[in-house]
Amino acid sequence: MTARAYLDWNATAPVHPAAKAAVVAALELVGNPSSIHGEGRAARAMIEGARAEVAALVGVEAENVVFTSGATEAANAIFRAGLSGCCGKDIAGALRPMVGATEHAAVIAAAGPEAAVIPVDAEGIVDRDALRAMLVAGGPALVAIQLANNETGVVPHIRSMAEIVHEVGGALVVDAVQGPCKLFYPLAYELGDADAVFLSAHKFGGPKGVGALCFRDSRTKLAEAFVRGGGQERGQRGGTENLPGIAGMGAAARFAREFETDFITIEPMAQLREEFENRLNQLAGDVVILSKGAPRLANTTCFAIPGLEAAKALIAFDLDGVAVSSGSACSSGKVKRSHALAAMGVPDWVQAGAIRVSIGPTTIWAELQRCLSSLERQLARRSKASAA
Ligand code: PLP
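This structure is a prediction, so every number in the text was calculated from the model and none was measured.

## Focus: the sheet that holds strand β12 (residues 300-304)
Okay, so step 1: In space, the four strands of this open sheet follow the order β11-β12-β15-β14, with antiparallel pairing throughout. Single-partner strands in this sheet number two, and they are β11 (288-289) and β14 (325-326).

## Digging into the site of the ligand
Okay, so step 1: Every residue lining the ligand is accounted for by Gly-70, Ala-71, Thr-72, His-104, Asn-150, Asp-175, Val-177, Gln-178, Ser-200, His-202 and Lys-203.
Okay, so step 2: The separation between an oxygen atom of the ligand and a polar side-chain atom of Thr-72 is 2.7 Å.
Okay, so step 3: The side chain of Ser-200 places a nitrogen or oxygen atom 2.6 Å from an oxygen atom of the ligand.
Okay, so step 4: Residues that form the shell around the ligand fall into these classes: two nonpolar, seven polar and two charged.

## Observations regarding unusual backbone geometry
Okay, so step 1: One non-glycine residue, Cys-181, adopts positive backbone phi at about 70°.
Okay, so step 2: Of note, Arg-234 is a non-glycine position whose phi angle comes to about 55°, a positive value.
Okay, so step 3: Position of Arg-234 among the secondary structure elements: in the loop between β10 (221-222) and α8 (243-261).

## Thoughts on the sheet that holds strand β4 (residues 96-100)
Okay, so step 1: Here we have seven strands laid out as an open sheet, ordered β2-β9-β8-β7-β6-β4-β5, and mixed in their pairing. Two strands lie at the open edges of the sheet, namely β2 (65-68) and β5 (116-118), each paired on one side alone. Averaged over neighbouring strand pairs, the angle between their axes works out to 20° when direction is ignored.
Okay, so step 2: As paired strands, strand β7 (residues 170-175) and strand β8 (residues 196-200) are joined by three bridges and run parallel to one another. Directly across from Val-174, in β8, lies its bridge partner Val-197.
Okay, so step 3: Its contacts with the sheet put helix α5 (residues 128-138) on β4, β5 and β6 (141-146), and the angle it makes with β4 is roughly 170°.
Okay, so step 4: Sitting on the sheet, helix α6 (residues 158-168) is in contact with β6 and β7, with an inclination near 160° to β7.

## Here we look at helix α2 (residues 38-58)
Okay, so step 1: Taking 1.5 Å as the rise per residue, α2 with 21 residues should run 30 Å; its terminal C-alpha atoms sit 30 Å apart, in good agreement.
Okay, so step 2: All buried positions along α2 are accounted for by Gly-40, Ala-43, Ile-47, Ala-50, Arg-51, Glu-53, Val-54, Ala-55, Leu-57 and Val-58.
Okay, so step 3: One or two positions beyond α2, positive phi appears at Gly-59, with a value near 85°.

## What to know about the pairing of β4
Okay, so step 1: Within β4, four of the five residues are buried, which leaves it mostly tucked inside the rest of the structure.
Okay, so step 2: Bridge analysis of β4 against β6 gives four bridges, and the strand direction is parallel. Within β6, the residue paired with Met-98 across the bridge is Val-143.
Okay, so step 3: Pairing of β4 with β5, which is carried by three bridges, proceeds in the parallel orientation. Directly across from Gly-100, in β5, lies its bridge partner Ile-118.

## Focus: the packing of aromatic side chains
Geometry of an aromatic ring pair is reported as the spacing of the ring centres plus the angle between the planes.
Okay, so step 1: In the structure shown here, the tally under the stated rule is three aromatic pairs.
Okay, so step 2: Note on Tyr-185 and Tyr-189: the rings are 6.0 Å apart at their centroids and 50° apart in plane angle, and the pair reads as tilted.
Okay, so step 3: A relative accessible area of 49% places Tyr-185 in the partly exposed class.
Okay, so step 4: Positioned above the aromatic ring of Tyr-189, the side-chain terminus of Arg-159 is 4.1 Å from the ring centre.

The rules behind these values
- Residues numbered from 1 in each chain as written.
- Predicted model: local features only at pLDDT ≥ 70, side-chain atom pairs only at ≥ 80, totals over all residues.
- Heavy atoms only, no water.
- Pairing = 2+ DSSP bridges.
- Helix = DSSP H or I, 4+ residues; strand = E, 2+ residues; numbered from the N terminus.
- Near = heavy atom within 4 Å.
- Polar contact = N/O pair within 3.5 Å; in protein donor to acceptor, adjacent residues only side chain to side chain.
- Nonpolar A, V, L, I, M, F, W, Y, C, P; charged D, E, K, R; others polar.
- Axes fitted to C-alpha atoms, helices over the stretch in contact; angles between N-to-C directions.
- Contact = heavy atoms within 4.5 Å.
- Expected span 1.5 Å × (residues − 1).
- Buried < 20%, exposed > 50% of the residue type's maximum accessible area, 1.4 Å probe, protein only.
- Phe/Tyr/Trp six-rings, centres within 6.5 Å; stacked < 30°, edge-to-face > 60°.
- Lys NZ or Arg CZ within 6 Å of the ring centre and 35° of its normal.

Spelled out as structure tokens, the structure:
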């Protein structure tokens, strides 16, 4: 029996050993990356190495990568500062914000209350016709659509969204946080020609509190520095760089790219997920698996079973040594209803019962079995209670 089963990789992934080694190596460097002496140059070289790794993963030039404190900061930077030099034009300040209805709370908050919300279908995929109609009616926009949803794992085909946005006018910003190590195709391919993309290192084996904002075109920049300071990060994000975090992110990005070029590694994960969902069906014939009919990440199952309330189930799983989450984790540690599931028109009982199991490259069947055994006990208690 494994010590505990960690099945919450969409919340955060365990740190990859290579990322940990890179963090330690960075901590051993004394120099400030902006200093011109040898120590400073060594620190700078480490940052530029990490930048090249992130750029290769996303499929952009290294000079177009800006390190941030995470995805939340990147989203805020884009919507608060605006973009300039995007799509061959200077569009700073000219674009109104638009967001998909199932975007992460960080993106919705960054876009602000004035952002137009693009509806999604029952699987959680942005409605292409609505996107086009909203762009035609309202003019060019700064549109945020996620590469994959953190709750259901649905992958809404960003390539075609980018085509629509560019055809009608505007810029596409993609929250690619849930992409690395979970997609069936390489991240750089899935992103199409999205104008701006952001990542958070801790979702794919890097440390927490570091991320990157990447631009497709080297003319594109934040219209003004989001963090004003000493001109670091091409003048867009001031402050001495988080060298250990950035080094760790670079190592994690290298691992993610190796992982996606080797299909032998994604398949076992997809098979584990498939087997898990088969067993779920056997345990509870009335289980609802969200977005099951749509293209999904290889690692995510979001399900609900009648009579099983997520808030209580999470505690029961935890007591049984299984870490899973409800449809949406919340910063306060409380389980709250998910705006994304509501936008998909999911019935109330499914929203209240949605449990997310998300796995990663090192997940083994024993962990999923432990989750299923806990679930079986919970279902037995449910039957007893309803018989009483
Ligand atoms: N976007 C998605 C899809 C996420 O899953 C998360 C984290 O849960 C974020 C953005 C925010 O990432 P961070 O908290 O690392 O800034």
